[in-house]
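Each chain, written out:
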Amino acid sequence: MSAPANIAIVGGGPAGAFAASLLAGAGRNVTLFDERMAWEKPCGGGLTAKALDRYPFLRDNLQPKKIVRRVEMSLLGGPRVHFDLRDPVYVYSRHTLNQMLLDRASAAGARLVQERITSIEPNWKLRGTHETYAADFLVIASGARTPFSGFGLPQSQADTSMTLGYFVPGARDTMDLEFQPGLEGYLWIFPRDTHASVGICGTLLREPSSKMKERLHDYMRRHQLQTESARFYSHRLPALRRESLHNLRAAGENWAAAGDAAGLVDPITGEGLFYALRSAELLADAIKGNRVAEYPRALRNEFGRDLEFGARIAPRFFHGNFLGASVLARMIQFTARSATYSALIQDLFAGSQGYLGLKRRLYKNLGRTLGEIAASFFRTTSR
Ligand SMILES: Cc1cc2nc3c(=O)[nH]c(=O)nc-3n(C[C@H](O)[C@H](O)[C@H](O)COP(=O)(O)OP(=O)(O)OC[C@H]3O[C@@H](n4cnc5c(N)ncnc54)[C@H](O)[C@@H]3O)c2cc1C
């Protein structure tokens, strides 16, 4: 196959904008379409050390962001722990993050067109609300609400989580994560520069969004967060089942999908920004090397197997039991009482501990973890 002369990218979120900057920077003729360009996409906006280490420009810039070091994690009606992160999470407003990535794409020479693409016709004729465009190669980076079926993301409800939340004005420093019995997901407060992103994620297969909204409002009341001055949001979050990840079709003849549009989101934490950026980078490398057919394998080798394993253990993580209590309760208790276990949680927050090696590490350290927990009980009772 010859190198594509004209590359069209549909979607200017992190995946599309980053792919555009890398491809245009390599001298390719790139046109990026986004119906809104930079916008406050519903999101926590949290970037883990895994993303910050790989893309240092996300750490080293003058853009407004919140560097979060303190975390509070709890199970409703159960244990609670707070701790300081070894590697802080950087939290951006999505408008800021998207604008920064779009500016890089434009500076690299990509053409940015504000346009909604309404249909993709044979031979990559893209019909927009204003004009029709032609391309040789198509990058689908249109996110979780992608209207284009048959490219990447499965459209089934079983592969989707729902998120609801508010942008609440005001400054705070601590990131809060709350799990609740029966909820396959969690609630969060992510502090940002001038406001906080507060929300809930969960699968609609288990409960309707009205019930999720009740949980969210109760959580906000308990945290003294007002809804009156806040802006409501809701959005889909890809949550692919193991088999859907395994059978994912991320590329075909003269097209490839990246980011949420390819379903690349951590099935337990909902982290998607790293996968959007890294899939864009892998795709840009494949296009530049003229080997797009190898892109799905590159995804799989890099993190696809890990995400698959995460999808397999997700139900056990949220609903399972371990040593006579829920896995969630044990996770919080162990974090509070064992330095060995707490180090593992730090690595999960940083993104340096994948799911594949998790079980081995847990079992290898179980004796030491339980010893530390027992010692911590003696310390508490002898005080
Ligand atoms: C509530 C919530 C909280 C989250 N929190 C976090 C977090 O803290 N950390 C994290 O890592 N991940 C988080 N995620 C996941 C993260 O938001 C996504 O993984 C990430 O935005 C994916 O980037 P993307 O570029 O693939 O898609 P998007 O960011 O969704 O970008 C897609 C773009 O395509 C455009 N578009 C769509 N259709 C068309 C069309 N037809 N024509 C033209 N343009 C179109 C849209 O305008 C949009 O700009 C969260 C997700 C949700 C929903």
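Here the structure is a predicted model, which is why all the values come from computation and not from measurement.

What follows concerns the overall build of the protein chain. Helix and strand counts for the protein chain come out as 11 helices and 19 strands. Here the protein chain has a C-alpha radius of gyration of 21 Å; the compact-globule value for 383 residues is 21 Å, and the two agree. Principal axes of the C-alpha set define a box for the protein chain whose edges measure 75 × 45 × 40 Å. The buried share among the 383 residues of the protein chain stands at 57%. When contacts within the protein chain are restricted to residue pairs at least 6 apart in sequence, long-range pairs at least 24 apart make up 70% of them. Accessible area for the protein chain stands at about 16900 Å²; split by element, carbon and sulfur atoms hold 49% of it. Positive and negative charge centroids in the protein chain, built from 49 and 36 side chains respectively, lie 5 Å apart.

Where helix 1 (residues 14–25) contacts helix 3 (residues 94–108), the two axes come as close as 7 Å, and the packing angle between them is 20°. In this view, helix 1 runs roughly parallel relative to helix 3, as classed from their interaxial angle. Crossing of helix 1 over helix 3 shows left-handed handedness. When helix 1 is examined against helix 3, the residues Pro14, Ala17, Phe18, Ala20, Ser21, Ala24 and Gly25 are found in contact with a partner set consisting of Arg94, Asn98, Leu101, Leu102, Arg104, Ala105 and Ala108. When grouped by side-chain class, the residues that make up the contact of helix 1 with helix 3 number nine nonpolar, three polar and two charged.

Time to look at the sheet that holds strand 10 (residues 137–140). Spatial strand order, 6-2-1-10-17-16: six strands in an open sheet with mixed pairing. At either margin of the open sheet sits one strand with a lone partner, and together these are strand 6 (111–114) and strand 16 (251–252). The pairing of strand 1 (residues 6–10) with strand 2 (residues 29–34) spans five bridges and is classified as parallel. Counterpart to asparagine 6 in the pairing with strand 2 is asparagine 29.

With respect to spatial proximity, 39 residues lie near the ligand, and among them Asp34, Lys41, Gly44, Arg94 and Asp260 are the closest. One of the backbone nitrogen or oxygen atoms of glycine 44 is found 2.8 Å away from a nitrogen atom of the ligand. At 2.9 Å from an oxygen atom of the ligand is found a main-chain nitrogen or oxygen belonging to leucine 273. Relative to its unbound accessible area of 1000 Å², the ligand is 95% covered by the protein chains. It is strand 15 (residues 231–238) that provides the largest number of residues to the shell around the ligand, a total of four residues. Taken together, the residues of the shell around the ligand sort by class into 17 nonpolar, 13 polar and nine charged. Residue-level mapping places the shell around the ligand at the junction of two domains, with at least three residues from each of domain 1 (6–39 + 94–154 + 241–310) and domain 2 (157–238).

Taken domain by domain, the protein chain comprises domain 1 (6–39 + 94–154 + 241–310), domain 2 (157–238) and domain 3 (318–382). Averaged C-alpha coordinates put domain 2 and domain 3 at centres separated by 26 Å. Taken together, the contacts link eight residues of domain 2 with six residues of domain 3. Summing the contributions of domain 2 and of domain 3, the shared interface buries around 550 Å²; its carbon and sulfur component is 81%. A per-residue breakdown of the area domain 2 buries against domain 3 is headed by Leu177, Phe179 and Glu184, which together make up 60% of the total. Where domain 2 meets domain 3, there are zero salt bridges. Counting every contact that joins domain 2 to domain 3 gives two residue pairs in polar contact (both at pLDDT 80 or more).

Judged by nonpolar contacts, the single largest core of 75 residues is most densely connected at Ile9, Leu58, Ile120, Leu126, Leu138 and Tyr295. With sequence-adjacent residues up to four places away left out, tyrosine 295 is seen in contact with Ala250, Ala251, Ala256, Ala257, Ala258, Ser279, Leu282, Leu283 and Ala286. In this structure, Phe83, Phe190, Leu237 and Ala314 belong to the second largest nonpolar core, which totals 38 residues.

On to the pairing of strand 14 (residues 195–203), then. Among the nine residues in strand 14, nine count as buried, and that is most of the element. Alternating residues of strand 14 divide into His195, Ser197, Gly199, Cys201 and Thr203 and Ala196, Val198, Ile200 and Gly202, and every residue in both groups is buried. Direction of pairing for strand 11 (residues 160–169) relative to strand 14: antiparallel, over a ladder of nine bridges. Residue pairing across strands places threonine 163 opposite cysteine 201, the latter belonging to strand 14. Between strand 13 (residues 185–191) and the antiparallel strand that follows it, strand 14, lie three residues.

What counts, and where the lines are drawn
Residues numbered from 1 in each chain as written. Predicted model: local features only at pLDDT ≥ 70, side-chain atom pairs only at ≥ 80, totals over all residues. Heavy atoms only, no water. Helix = DSSP H or I, 4+ residues; strand = E, 2+ residues; numbered from the N terminus. Rg over C-alpha atoms; globule rule 2.2 N^0.38 Å. Buried < 20%, exposed > 50% of the residue type's maximum accessible area, 1.4 Å probe, protein only. Contact = heavy atoms within 4.5 Å. Areas by Shrake-Rupley, 256 points an atom, 1.4 Å probe, with all protein chains shown as cover. Lys, Arg positive; Asp, Glu negative; His and termini not counted. Charge placed at Lys NZ, Arg CZ, Asp CG, Glu CD. Axes fitted to C-alpha atoms, helices over the stretch in contact; angles between N-to-C directions. Parallel < 35°, antiparallel > 145°, perpendicular 65-115°, else oblique. Left-handed = near helix turned anticlockwise from the far one by under 90°. Nonpolar A, V, L, I, M, F, W, Y, C, P; charged D, E, K, R; others polar. Pairing = 2+ DSSP bridges. Near = heavy atom within 4 Å. Polar contact = N/O pair within 3.5 Å; in protein donor to acceptor, adjacent residues only side chain to side chain. Domains from an automatic or database assignment. Buried area = accessible area lost by both parts, 1.4 Å probe. Salt bridge = Lys/Arg side-chain N within 4 Å of Asp/Glu carboxyl O. Core = buried A, V, L, I, M, F, W, Y, C linked by side-chain atoms within 4.5 Å.

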